[in-house]
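Tertiary structure, described
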Amino acid sequence: MADTQAAWDALAGHGRTPIARLIDSEGPARLEALVHSQSGIRFDWTKTHLDTETLARFAALADAAGLDGARRALFAGERVNVTEGRAAEHPAERGEGHPESVEEARMFHARMRALIDAIDADAFGPVAHILHIGIGGSALGPDLLVDALGRDAGRFDVAIVSNVDGAALAEAVRGFDPHATLVAIASKTFTTTETLMNAESALGWLADHGVEDPIGRCIALTAAPEKAVEWGIDETRILPFRESVGGRYSLWSSIGFPAALALGWEAFEQMLEGAAEMDRHFRLSPWATNIPVLAAFADQLYAQEHGCETRAVFAYDERLRLLPSYLQQLEMESNGKRVRADGTPIGRHSAPITWGGVGTDAQHAVFQLLHQGTRLVPVEFVAVREPGHHFDMAHHAALLGNCIAQGAALMAGRANAADPARDYPGDRPSVTLLLDRLDPRTLGALIAFYEHRTFANAVLLGINPFDQFGVELGKAMAKALEDEGADNFDPATRALFAAAFDADDESA
Ligand code: F6P
């Protein structure tokens, strides 16, 4: 494990100069150092406490942490996921990685495309609806893509269902014609309880509505094709992907099938190309202009030096309303760890809590705390220059204007010594990501940016971002409760279980 202590010590206390003063003192040089454009996205850190000195110290930390070697290992397909002994090859899905992995990914994409062509050629009869069943990384990515890009372009109605609550499935199929529905069962492992239960119920729904061959309407998206075959899906309707693609990094693989189907193959390829462009930028750029790395520097500045426990992402575009929940899994499942890759304690805070919402709605709900609360929350605004609708441009002008004004207000504040309730302290940081337009290429680049930023944060902290053992204990206990009841649990859990399930429980 790289010894980063001296580099962290050198950072302590840096970057605390009030933001307004920084802007005054650095002027155009600050804009040059902290505004970068890449792949149709303008990234702006001018309203943060990053300054030249802090950036230099973070660059030293990146070197001490071995970030250069780590990114080379990632793209070379080395076993960067050390606790599970495998590579993390999502970039290979975009054509950036070990040549053999890139080739294999191409082959799987070709298979995916062939199935889409077959659906278009009516091999499944008329298809109007796609019911995509998956959870976590097998749902959040496709959901984001379809919701962001499929509003006008969507060729099919896509419903994505994840929760084991039957109400979610009921809602998903409402209005669907079972005879014109295809079911995509997305699970990397093909063992996930929620997904398999929803899939069983979807088969039942098809059968109950007189669909002759329900299983023949199911397509599996998985890295465990043998399990899908065991479950009953014919090999010809299985779209595999590689084991080395992590669940929360899998939207580029066959897990993205509903998006590729709904948006068309060309759009899916453009998304891969946009991501590949960001891959090359991350792989080749020096720290001072490397966008995912600069973002990680700002993340660490606020998490470690300013003690921020959360970071908030606000999409100032309705089409990106699912971005915060997508990022929650990406960032918190990847870096919400307490030990480093070598098992030693991290010794500082790891991932902050990612949360957020949609502007302008959030302004009327949670922004009070951002402006005047006692906690410092670094904010990320994500906006798009071109509107996603045909109503009066006044809507979009108001939307962007609000976004820009919020960043300015957080930074500048407004002193009111006479009336503390109306005093705005200001000096509150924000980053703005401004997309030229929301198209598949730009969205691909944006998501790849977030992936690499998460990776860069992990390397600075010494974390393996590609495992998620934290979720296993709860799964095991849920299974034990389901199989054996609560007898072997603690008294509080036994009482709660009885209250939930025993008809004659007196406390219920
Ligand atoms: O429980 C966590 C998790 O393993 C995620 O990492 C993953 O995205 C999700 O469950 C779904 O897993 P699968 O794709 O194997 O069904």
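A brief look at the structure comes next. (Residues numbered from 1 in each chain as written. Predicted model: local features only at pLDDT ≥ 70, side-chain atom pairs only at ≥ 80, totals over all residues. Heavy atoms only, no water.)

**So, the pairing of strand β6 (residues 218-222)**
Put simply, the rule is: The buried label applies to any residue whose accessible area, calculated with a 1.4 Å probe on protein chains only, is under 20% of its type's maximum; exposed applies above 50%, and partly exposed to all values in between. Under the scheme used here, helices are H or I runs from DSSP no shorter than 4 residues and strands are E runs no shorter than 2 residues, and both carry numbers assigned from the N terminus. The definition of a right-handed crossover adopted here requires that, viewed with the strands pointing away, the path from the first strand over the helix to the second runs clockwise. Between any two strands, at least two bridges found by DSSP are needed for them to pair.
For β6, the tally of buried residues reaches five of five residues, placing the bulk of the element in the interior. On β6, burial covers both faces: Cys218, Ala220 and Thr222 on one face and Ile219 and Leu221 on the other are all buried. One crossover worth recording links strand β5 (residues 181-186) to the parallel β6 by way of helix α9 (residues 193-208), and it is right-handed. The sheet contact formed by β6 and strand β7 (residues 238-240) spans three bridges and is parallel. Across the sheet, residue Leu221 finds its bridge partner in β7, namely Leu239. Crossover β6 to β7 through helix α10 (residues 225-231) is right-handed.

**Focus: the packing of helix α6 (residues 99-120) against helix α12 (residues 265-284)**
We count it as follows: Axis definition: a line fitted to C-alpha atoms, limited for helices to the stretch in contact. Angles are taken between N-to-C directions and run from 0 to 180 degrees. What sets the label is the angle itself: under 35 degrees gives roughly parallel, over 145 gives roughly antiparallel, 65 to 115 gives roughly perpendicular, and the rest give oblique. Left-handed describes a crossing whose near helix is turned anticlockwise from the far helix through less than a right angle; right-handed describes the clockwise counterpart. Contacts are assigned to residue pairs with any non-hydrogen atoms lying within 4.5 Å of each other. Residues are grouped as follows: Ala, Val, Leu, Ile, Met, Phe, Trp, Tyr, Cys and Pro are nonpolar; Asp, Glu, Lys and Arg are charged; all remaining types, including Gly, are polar.
α12 packs onto α6 with a crossing angle of 155° between their chain directions and a minimal axis gap of 11 Å. Compared by their axis directions, α6 and α12 come out roughly antiparallel. Between α6 and α12 lies a crossing whose hand is right-handed. Note on element contacts: α12 touches α6 through Trp265, Phe268 and Leu272, opposite His109, Met112, Arg113 and Ile116. Its residues assigned to classes, the contact of α6 with α12 comprises five nonpolar, one polar and one charged.

**Observations regarding the nonpolar core**
General note: in soluble globular proteins, nonpolar side chains tend to be found buried as a group. Here is the rule: As used here, the term nonpolar core means buried Ala, Val, Leu, Ile, Met, Phe, Trp, Tyr and Cys residues forming a set that is joined through side-chain atoms within 4.5 Å. Domain delimitation follows an automatic or database domain assignment.
Ranked by size, the top nonpolar core spans 99 residues in total, and within it Trp45, Ile119, Phe257, Phe297 and Tyr450 carry the most contacts. Here this core takes 13 residues from helix α17 (residues 440-461), the largest share from any one element. The two domains that each donate at least three residues to this core are domain 1 (5-85 + 280-469) and domain 2 (90-270). With residues up to four places along the chain from it excluded, the contact list for Trp45 reads Arg30, Leu34, His36, Leu50, Ile291, Leu294, Ala295, Ala298 and Val431. Residues Ala159, Val183, Leu196 and Ala228 belong to the second largest nonpolar core, which totals 24 residues.

**A few points about the sheet that holds strand β9 (residues 353-358)**
Judged by pairing direction, the sheet is mixed, and its six strands sit side by side in the order β1-β2-β11-β10-β8-β9 without closing on themselves. The open sheet terminates on both sides in strands that have one partner only, identified here as β1 (35-38) and β9. The average angle at which neighbouring strand axes cross in this sheet is 15°, direction not considered. Both strand β8 (residues 310-316) and strand β10 (residues 379-384) contribute to a ladder of five bridges, which runs parallel. Paired with Phe314 across the strands is Phe381, a residue of β10. Here α17 sits on the sheet in contact with β2 (41-44), β8, β10 and β11 (430-435), set at roughly 150° to β11.

**Quick word on the site of the ligand**
Note the threshold: We call a residue near a molecule or strand when any one of its heavy atoms sits within 4 Å of it. Between N or O atoms, a polar contact is any pair within 3.5 Å; within protein, one atom must be a potential hydrogen donor and the other a potential acceptor, and residues adjacent in sequence are included only when both atoms are from side chains. With residues, only the protein chains shown are counted as cover, and all accessible areas are computed by Shrake-Rupley using a 1.4 Å probe.
Close to the ligand lie 14 residues, the nearest being Ser138, Ser187, Thr189, Thr192 and Glu333. Between an oxygen atom of the ligand and a side-chain N or O atom of Gln329, the distance comes to 3.3 Å. Taking 390 Å² as the accessible area of the ligand by itself, protein coverage stands at 88%. Here the shell around the ligand is composed, by residue class, of two nonpolar, eight polar and four charged.

**Examining unusual backbone geometry**
Omega for the bond connecting Gly359 with Thr360 falls within 30 degrees of zero, at 10°, which places this linkage in the cis form. Topologically, Thr360 is positioned in the loop between β9 and α15 (367-372). Phi at Ser39 takes a positive value of approximately 55°, unusual for a residue other than glycine. Tracing the backbone through its elements, the reader meets Ser39 in the loop between β1 and β2.

**Some remarks on the pattern of salt bridges**
Convention followed: Here, a salt bridge means any side-chain nitrogen of Lys or Arg that lies within 4 Å of a carboxyl oxygen of Asp or Glu.
Here the structure, examined in full by the defined rule, presents 31 salt bridges. We note a salt bridge from Asp279 to Arg94, for which the minimum N-O separation is 2.7 Å. Here Asp279 is found in helix α12, whereas its partner Arg94 is found in the loop between α5 (90-93) and α6, with 185 residues between them in sequence. The partner of Arg375 in a salt bridge is Glu309, with the nearest N and O atoms 3.4 Å apart. Here Arg375 is found in the loop between α15 and β10, whereas its partner Glu309 is found in the loop between α13 (291-305) and β8, with 66 residues between them in sequence.

Remember, this is a structural readout, not a statement about activity or role.
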